[in-house]
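# A closer look at the structure
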Amino acid sequence: QETIGPFVMYAQVSDPPEVITNLGAIGDANSAIVITSSLLGASDPDDLTAGLRYTVIVPPVSGYLNLGTSFTQGQIDEGLLAYVGGASDQFQFTLTDGKSTVGPFTFLITVTP
C-alpha cells in the first residue's frame, strides 16, 4: 500500500443575503413614490450591495415599479426605484446574491389621496 498526500481542500462558504429593512412606503397619489434604502434594504457579509438582486414574483396590481421585475440594492441605494400608481398596493419579492435566494417577502405601499 502507498500513501499519497497530504491534500488541502478549500471550500468557499457563502452566507445568504438578508433583508434588513422592509418598512413599506407611503406617498401621494399624484406622484411617483421613491423606494429608498431606508424603506427597503438588504445586506450580505460576503457580497457588495450592488450585486444583491431583487426579483418581483407577484407584481403590484394598481400600479407598477419603474424598474420592472428585477432590480438591485445598488439601484435602490441610488434612489432609482419608484412605484407609480394611484392606489395602495403591494408586491412580493425574493432576494439573491447569485448563490442563495431568500424569500418571498411582501413590500406594502400606501397611497394617500
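Residues numbered from 1 in each chain as written. Predicted model: local features only at pLDDT ≥ 70, side-chain atom pairs only at ≥ 80, totals over all residues. Heavy atoms only, no water.

### Section: the sheet that holds strand β6 (residues 63-65)
- The strand order across the open sheet built from three strands is β3-β8-β6, with neighbouring strands paired in antiparallel fashion. Sheet topology places β3 (33-34) and β6 at the edges, where each strand pairs with a single neighbour.
- Here β3 runs beside strand β8 (residues 82-85); their pairing, made up of two bridges, is antiparallel. Among the inter-strand pairings, V34 is bridged to a residue of β8, identified as A82. (Pairing = 2+ DSSP bridges. Helix = DSSP H or I, 4+ residues; strand = E, 2+ residues; numbered from the N terminus.)

### Brief notes about the pairing of strand β5 (residues 53-58)
- Relative to strand β7 (residues 70-72), β5 runs antiparallel, the two sharing three bridges. Paired with T55 across the bridge in β7 is S70.

### Looking at the pattern of salt bridges
- The final tally for this structure, using the stated rule, is one salt bridge.
- Put simply, K99 and D47 hold a salt bridge, and the shortest N to O gap is 3.2 Å. Highlighted residues: K99 in the loop between β9 (89-96) and β10 (101-112) and D47 in the loop between β4 (40-43) and β5, separated in sequence by 52 residues. (Salt bridge = Lys/Arg side-chain N within 4 Å of Asp/Glu carboxyl O.)

### Focus on unusual backbone geometry
- Between G103 and the following residue, P104, the backbone shows a cis peptide bond with an omega angle of 15°.
- Position of P104 relative to the elements: it lies in strand β10.

### Things to note about the environment of T21
- Mapped onto the secondary structure, T21 falls in strand β1 (residues 18-22).
- Remark: the alpha-carbon pair of T21 and L39, spanning 18 residues in sequence, is separated by 6.1 Å.
- Apart from the residues lying within four places of it in its own chain, the contact partners of T21 are S37, S38, L39, L40 and G41. (Contact = heavy atoms within 4.5 Å.)

### Overview of the sheet that holds strand β2 (residues 25-28)
- With mixed pairing, five strands are arranged side by side in an open sheet as β2-β10-β9-β5-β7. Each end of this open sheet is capped by a strand with a single partner; those strands are β2 and β7. Sheet twist, expressed as the mean angle between neighbouring strand axes with direction ignored, is 35°.
- As paired elements, β5 and β9 share five bridges and run antiparallel to each other. The residue of β9 that forms the bridge with V58 is Q92. (Axes fitted to C-alpha atoms, helices over the stretch in contact; angles between N-to-C directions.)

### Let's talk about the packing of aromatic side chains
- Counting across every chain of the model gives five aromatic pairs.
- Note on Y54 and F71: the rings are 5.4 Å apart at their centroids and 25° apart in plane angle, and the pair reads as stacked. Placement of the pair is Y54 in strand β5 and F71 in strand β7, with a sequence separation of 17 residues. Per residue, the accessibility class of Y54 equals that of F71, and both read buried.
- Each residue in the set Y54, F71, F91, F93, F105 and F107 is aromatic and connected to the rest through ring pairs, giving one cluster. (Phe/Tyr/Trp six-rings, centres within 6.5 Å; stacked < 30°, edge-to-face > 60°. Buried < 20%, exposed > 50% of the residue type's maximum accessible area, 1.4 Å probe, protein only.)

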